Amino acid sequence: MHFTSYMPTRLIFGRDCIRQHTSTITPLGTRAFIVTGARSARMNGSLQQITQALGTLNIPFVHFDEIEANPSVETVRRAAEKLKKENCDFVIGIGGGSPMDAAKAIALLGCNTLGHDDLFSGRFDTPPLPLIAIPTTAGTGSEVTPYSILTDKRINNKRNLSSDSLFPAVSFLDPAFTDSLPLDITVNTAVDAMSHAIEGFLSRRAIVLIRPLAMESLSMLGPCLTSLAAGHLPSPKDRDTLLYASMLAGIVIAHSGTTCVHAMGYPLTYYKNIDHGRANGLLLAAYLKFLSPHRTEVGQVLGALGLESLSDFSALMDQLLGAREVLSKEDLACFVDTSLTAKGVAYTNPSPDEGQIKKMFEDSFLN
Ligand code: NAP
Ligand code: ZN
């Protein structure tokens, strides 16, 4: 048995966990740069709780609230300039994956001068500033991964900035911040978490350590997804489960990376503005159909979700995602080209060739 594992983030999970563990913030810095989207952090209690904790510790802060969905390189550069001007020495990312990922890049650019390609190289002189992550959606697992996914207009796609030094120092996971999520965002993010657990479990890079975590995540997500498909908003107990399961799936992809589903989903988001989790969800049934003749483990995935067959899986996804976007053959040809060279394709086991990627797109959108 051979594997390596690195997961340096201190995880603090539970309702009211920021108030109960305020002192963990003290060693991280003396002036905080808080990174959020435009609205939700003010409304779900997360911003108020972290600023209250900073007040208790007499730590001043600056708030940058301009992170858009699928954050761009330009936005994180603008935020990093503000961080430098304000002399902040640690970063707090609050929100869905977009603000948390942006916060990682800002922590890096806040203390390094990097050109465009150097930014994505994963090599830099000074380690990023210490980072606290506070998820308010239950899906991306960014609070436990070393990835920052940015929109790179130069390559017309989303791009992964990855470095061991981008793991948050501390993540506060308070499910109460997710109580306010509407049904559509709850569905899309839960589907993203499922995609991480499935892709990680089936990846070429899956190691023995993460397989039970992926199975545990799927067995928790299965009943929640069935209930969401029936149109029910999660109970507070299910919100706890969803955040825990998405964190487990995040630990899975922190080790394995994602595979062709994410690689194919990125152009759907870039060109058609399809939400990240939804983009993966639209592709998942075709991906499992592609893998099933080669991998008996597809049966284990379905079993962990509480499903009997691939057609049960397709039916669940149809119920969760509703009517699919209408895409043309020309659209799909462009997306095949964009996804083909992504690392996630190589990590898929077996790796699909161009014709098989085209078939998965067509199965997902033209039937
Ligand atoms: P998101 O883009 O962060 O947020 C989507 C929407 O949800 C925003 O409008 C946001 O509003 C709102 N929102 C957030 N929390 C809310 C709450 N508690 N109540 C009500 N509304 C709330 O969505 P996401 O799906 O969490 O993140 C997607 C991003 O994460 C993508 O860029 C994806 O590539 C990335 N990702 C990263 C990793 C990783 O390992 N780093 C893994 C998977 C995905 P505001 O804008 O007002 O906050
Ligand atoms: Zn994802």
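Residues numbered from 1 in each chain as written. Chains lettered and ligands numbered in written order. Predicted model: local features only at pLDDT ≥ 70, side-chain atom pairs only at ≥ 80, totals over all residues. Heavy atoms only, no water.

Student: Sorry, what's going on with unusual backbone geometry here?
Tutor: Negative phi characterises most residues that are not glycine, and trans characterises most peptide bonds. A cis amide bond links asparagine 349 with the next residue in sequence, proline 350, at an omega value of 0°. Its location among the elements puts proline 350 in the loop between helix 15 (343–347) and helix 16 (354–365). (Helix = DSSP H or I, 4+ residues; strand = E, 2+ residues; numbered from the N terminus.)

Student: Help me out: how do you make sense of the nonpolar core in this one?
Tutor: Inside soluble globular proteins, nonpolar side chains tend to come together where they are buried. By size, the foremost hydrophobic cluster in this structure holds 67 residues, and its most contacted members are Met194, Ile198, Tyr287, Phe313, Leu320 and Phe361. With ten residues, helix 11 (residues 276–291) is the largest single contributor of residues to this core. In contact with phenylalanine 313, other than residues within four places in its own chain, are Met194, Ile198, Leu284, Ala285, Leu288, Leu302, Leu305 and Leu307. Counting residues in each nonpolar core, the second largest holds 28 residues, with Cys88, Ala103, Leu119 and Leu131 among its members. (Core = buried A, V, L, I, M, F, W, Y, C linked by side-chain atoms within 4.5 Å. Buried < 20%, exposed > 50% of the residue type's maximum accessible area, 1.4 Å probe, protein only. Contact = heavy atoms within 4.5 Å.)

Student: Is there a simple way to think about the site of ligand 1 in this case?
Tutor: Around ligand 1 sit 29 residues in total, of which Ser40, Ser98, Asp101, Thr137 and Thr145 are the nearest. Between ligand 1 and asparagine 70 there is a distance of 3.3 Å, counted from an oxygen atom to a side-chain nitrogen or oxygen. Within the contact set of ligand 1, an oxygen atom lies 2.8 Å away from a side-chain nitrogen or oxygen of lysine 158. Counting residues per element, the shell around ligand 1 draws most heavily on helix 5 (residues 97–109), which supplies five residues. A per-class count over the shell around ligand 1 returns eight nonpolar, 16 polar and five charged. (Near = heavy atom within 4 Å. Polar contact = N/O pair within 3.5 Å; in protein donor to acceptor, adjacent residues only side chain to side chain. Nonpolar A, V, L, I, M, F, W, Y, C, P; charged D, E, K, R; others polar.)

Student: Just to check I follow, could you spell out the coordination of the zinc ion (ligand 2) for this structure?
Tutor: Coordination angles at a metal have ideal targets, namely 109.5 degrees for four tetrahedral donors and 90 or 180 degrees for six octahedral donors. Every protein donor of the zinc ion (ligand 2) is listed here as Asp192 (OD), His196 (NE2), His262 (NE2) and His276 (NE2), and their distances to the metal cover 2.1 to 2.2 Å. Note that the zinc ion (ligand 2) binds four donor atoms; their angles at the metal cover 85 to 170°, and the shape is irregular. One chain supplies every donor to the zinc ion (ligand 2), and in sequence these donors are spaced D-x3-H-x65-H-x13-H. Here histidine 276 lies in helix 11 and histidine 196 lies in helix 7 (residues 183–202), a separation of 80 residues in the sequence. When its relative accessible area of 3% is taken as the criterion, histidine 196 is described as buried. (Donors = N, O, S within 2.8 Å, 3.2 Å for Na, K, Ca; no water. Tetrahedral: all angles 85-135°; square planar, octahedral: opposite > 155°, others 65-115°.)

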